[in-house]
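Below are the chains, spelled out letter by letter.
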Amino acid sequence: MSCCLGFLKNNEPKKAVDLLDKMKTRNDIIYILFFNACAQLKSNEALNLIRKTVKNILEPFYSNLKLVASLIDTFGKCGDAASAEQLFQISPNKTVEMYNALMKGVFCCY
């Protein structure tokens, strides 16, 4: 995990994404790092990886509000404001981080 942090801090999100994508087991911290790296890429390729990853996330992970805020932020930064808004709307417990991520994503995309 420290390698991934190093890649992110040194502006190498592609290397971080490649490394994180190969991990067999992931926890909420790994997902947040992965989403952060994809958000830094701001590309369609990153968005497709996020969509593929989200399909495999188990429901209990969505109870982690930091994970949800990170995912909203990533959707917004990758240009998918609709998915960011949809995730925000279905979240029963909204946090300041979620509001902030959604506002950044909406203003970034429009």
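The preceding data block contains the structure.
Residues numbered from 1 in each chain as written. Predicted model: local features only at pLDDT ≥ 70, side-chain atom pairs only at ≥ 80, totals over all residues. Heavy atoms only, no water.

By the definition in use, this model includes 5 salt bridges. With its nearest N and O atoms 3.1 Å apart, the salt bridge here joins Glu45 to Lys14. Placement of the pair is Glu45 in helix α4 (residues 44-55) and Lys14 in helix α2 (residues 13-22), with a sequence separation of 31 residues. For Glu45, a relative accessible area of 47% gives the class partly exposed. (Salt bridge = Lys/Arg side-chain N within 4 Å of Asp/Glu carboxyl O. Helix = DSSP H or I, 4+ residues; strand = E, 2+ residues; numbered from the N terminus. Buried < 20%, exposed > 50% of the residue type's maximum accessible area, 1.4 Å probe, protein only.)

With respect to the secondary-structure elements, Leu49 resides in helix α4. The exposure class assigned to Leu49 is buried, which follows from its relative accessible area of 15%. Once the C-alpha coordinates of Leu49 and Asp21 are considered, the two residues, 28 residues apart in sequence, prove to be 8.5 Å apart. Excluding residues that lie within four positions of it along the chain, Leu49 makes contacts with Val17, Asp21 and Phe34. (Contact = heavy atoms within 4.5 Å.)

Ranked by size, the top nonpolar core spans 31 residues in total, and within it Phe34, Phe35, Ile50, Leu71, Ile72 and Phe75 carry the most contacts. Of all the secondary structure elements, the ones that give two or more residues to this core are α1 (2-9), α2, α3 (28-41), α4, α5 (65-77), α6 (81-90) and α7 (96-109). Take this core: its biggest share by element is 7 residues, from α3. The residues touching Ile50, leaving out its near neighbours within four places in the chain, are Phe34, Phe35, Cys38, Leu71, Thr74 and Phe75. (Core = buried A, V, L, I, M, F, W, Y, C linked by side-chain atoms within 4.5 Å.)

Two elements in contact, α3 and α4, have axes whose closest approach is 9 Å; the angle formed by their N-to-C orientations is 155 degrees. If you check the angle between α3 and α4, you find them roughly antiparallel. In this structure, the crossing between α3 and α4 has a hand that is left-handed. Where α3 abuts α4, its residues Tyr31, Phe34, Phe35, Cys38 and Leu41 lie against Ala46, Leu49, Ile50 and Thr53. For the contact of α3 with α4, the per-class residue count stands at 8 nonpolar, 1 polar and no charged. (Axes fitted to C-alpha atoms, helices over the stretch in contact; angles between N-to-C directions. Parallel < 35°, antiparallel > 145°, perpendicular 65-115°, else oblique. Left-handed = near helix turned anticlockwise from the far one by under 90°. Nonpolar A, V, L, I, M, F, W, Y, C, P; charged D, E, K, R; others polar.)

Another aspect to go through is the state of the cysteines. Applying the stated criterion across every chain yields a total of 0 disulfides. As a non-bridged cysteine, Cys38 has Cys78 as the owner of its nearest cysteine sulfur, 6.3 Å distant. A relative accessible area of 0% means that Cys38 is categorised as buried. Of the residues examined, Cys78 reaches a relative accessible area of 8% and is grouped as buried. (Disulfide = S-S within 2.5 Å.)

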